[in-house]
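# Chain and residue survey
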Amino acid sequence: MSPENTFDLIVIGSGPGGYVAAIRGAQLGLKTALIEKSKTLGGTCLNVGCIPSKALLHSTEMYHFAGHGAAENGIDLTNLSFSVEKMMAKKDKTVSQLCGGVQALMKANKVKVFAGSGQLEGEGKVRVSGEQDELLEAKHIIIATGSSVIELPFLKFDGETVVGSTEAIAFDKVPEKLAVVGAGAIGLELGSVWARLGSKVTVVEFLPAVAPNYDKDVSKMAERLFKKQGLEFYLGTKVTGVKKEKGKTFLTAEKGEDPIEIEADKILVAVGRKPFTEGLGLDKVGITPNQKGQIEVDAHFKTAVPGIYAIGDVIPGPMLAHKAEEEGVACVERIVGQAGHVNYDAIPNVIYTEPEIAGVGITETIAKDKGIAVKTGKFNFIANGRAIASDATDGFVKVIADKETDKLLGVQIIGKNASELIAAAVTHIEYGGSAEDLGRTVHAHPTLSEAMKEAALAVDKNAIHSV
Ligand code: NAI
């Protein structure tokens, strides 16, 4: 093997898990290679996931504010209009800026990037094929190949009417009627984007709640607020397929015994993602994915094969960019003998709707299921000065603490800027803080963050601004 194709570390996949692992490897003195099959670096998150969807959420939120909130703030915006083409161009610019940024980071850290698909060829060897054709060698290989969308067998993607999130962030015009399958993160975020631009959005969810991973009170409020924004929901409803009749398309479903037909120009299927390991050659090296298609790893992110590690969406756990990043760092630190660690009890989860929904730690429902005795505190944004001044009174903060020890176990927020507010709760959980610690921490006034302090105080009925 030529020295230029011999590395200490090879990372397959350049998403947030892979590229961060590569940077950390280089920082720790490992000669590192990164393999990516797509034209640009950054994986799903930067190219077709987190980043482009946030650009569209931002653009459409501004449009929505201009049409609905500006006037009462004394701003006259008559003759308001929007251009889908320009919004998409802004989104594409955001994506290319960030993907270019990752490329620059690789260069700055002297990570060698190979363009092509990586395939395991026995211990320590990876074949790159595609734009480049090379055989690489390394003592350590990290699989960071991410995930792909789940397709429902009775609702196959056709690239035109029945689509996944990649297509739904790139519609060239506003669909008159958009049906969304799944009221999780993608369904709610992209449903909101198109609803704000005038689509009649109908969301069908199998479980009986909107954002079903959150507590019932959060889900209920989300349902009420999104309905006010024009989204229609069929909850506890089973999708059965798609029907075409007289040039029209219908999503078919069943709620109990009742058949439902929803007319739609586009049907977005957002029912989750599955690990992506196609063509990786796992069988060649003796790695067998579990029933969910995930690669099982130990606490050091080691697979069953020495020298091969896996991180991010391909391994069990929440499919979140920041979880993958932390695993990338921890995995490489373990490789060099450091004590890298991921605290799975303190991984925030966010749905970037308006208002946003965010959570960290356990919910009250999970606590009950696990038999953990908890006490909870809640504070509504309607009683927060900054929220009133900023037209942000919808929502609340809910704090969940251990009944005996007061240890902070979880926080959920539905409200403006929940994605940023949750960071304080993450920090408190990370350091093993109590609800009282959070309640006694000084928060700037006036800020939305005071609602979190008050919710923590409310755990022991000490909230100041509650009636
Ligand atoms: P998800 O798991 O968040 O939501 C899927 C929803 O579809 C669930 O509520 C589920 O009950 C429902 N569902 C499943 N099968 C169904 C069926 N046959 N009919 C009706 N409903 C059905 O998955 P989503 O939204 O597709 O996102 C994929 C992944 O990407 C998730 O792991 C998510 O966490 C991640 N993601 C994270 C984002 C964020 O952090 N803001 C944004 C987008 C995605």
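Up top is the structure these notes are about.
Cut-offs applied
- Residues numbered from 1 in each chain as written.
- Predicted model: local features only at pLDDT ≥ 70, side-chain atom pairs only at ≥ 80, totals over all residues.
- Heavy atoms only, no water.
- Phe/Tyr/Trp six-rings, centres within 6.5 Å; stacked < 30°, edge-to-face > 60°.
- Helix = DSSP H or I, 4+ residues; strand = E, 2+ residues; numbered from the N terminus.
- Buried < 20%, exposed > 50% of the residue type's maximum accessible area, 1.4 Å probe, protein only.
- Lys NZ or Arg CZ within 6 Å of the ring centre and 35° of its normal.
- Axes fitted to C-alpha atoms, helices over the stretch in contact; angles between N-to-C directions.
- Left-handed = near helix turned anticlockwise from the far one by under 90°.
- Contact = heavy atoms within 4.5 Å.
- Nonpolar A, V, L, I, M, F, W, Y, C, P; charged D, E, K, R; others polar.
- Expected span 1.5 Å × (residues − 1).

Counting across every chain of the model gives 3 aromatic pairs. Between F7 and F114 the ring centres are 5.9 Å apart and the planes differ by 85 degrees, which places this aromatic pair in the edge-to-face class. Of the two residues, F7 sits in strand 1 (residues 6–12) while F114 sits in strand 3 (residues 112–115), which places them 107 residues apart along the sequence. On the basis of relative accessibility, which here comes to 6%, the residue F7 falls in the buried class. Its relative accessible area of 1% is what places F114 among the buried residues. Summarising the aromatic geometry, the rings of F171 and W194 are spaced 5.3 Å apart at their centres and angled 45 degrees between planes, so their arrangement reads as tilted. Here F171 is found in the loop between helix 5 (165–168) and strand 9 (177–181), whereas its partner W194 is found in helix 6 (residues 185–196), with 23 residues between them in sequence. Of the two residues examined, F171 and W194, each falls in the buried class. A cation sits over an aromatic face here: K31 above F7, 4.9 Å from the ring centre. Taking NZ or CZ as reference, K243 lies 5.9 Å from the ring centre of F250, over its face.

Let us now look at the packing of helix 3 (residues 50–68) against helix 4 (residues 84–108). Between two packed helices, the angle of one axis relative to the other and the distance separating the axes together describe the packing. Across the interface, helix 3 lies against helix 4 with an axial gap of 9 Å and an inter-helix angle of 140 degrees. Both helix 3 and helix 4 take part in a crossing whose hand is right-handed. Within the contact between the two elements, helix 3 uses I51, P52, A55, L56, H58, S59, T60 and Y63 and helix 4 uses M87, M88, K90, K91, T94, V95 and L98. A breakdown of the residues in the contact of helix 3 with helix 4 according to their chemical character gives 9 nonpolar, 4 polar and 2 charged.

When the terminal C-alpha atoms of helix 4 are compared, their 36 Å separation across 25 residues agrees well with the 36 Å that a helix rising 1.5 Å per residue should span. The complete set of buried residues in helix 4 reads V84, M87, M88, K91, V95, C99, V102 and M106. Where helix 4 is buried, its residues contact helix 1 (16–27), strand 2 (32–36), helix 2 (43–48), helix 3, strand 3 and helix 6. In the segment just after helix 4, K110 is the residue with positive phi, at about 60 degrees.

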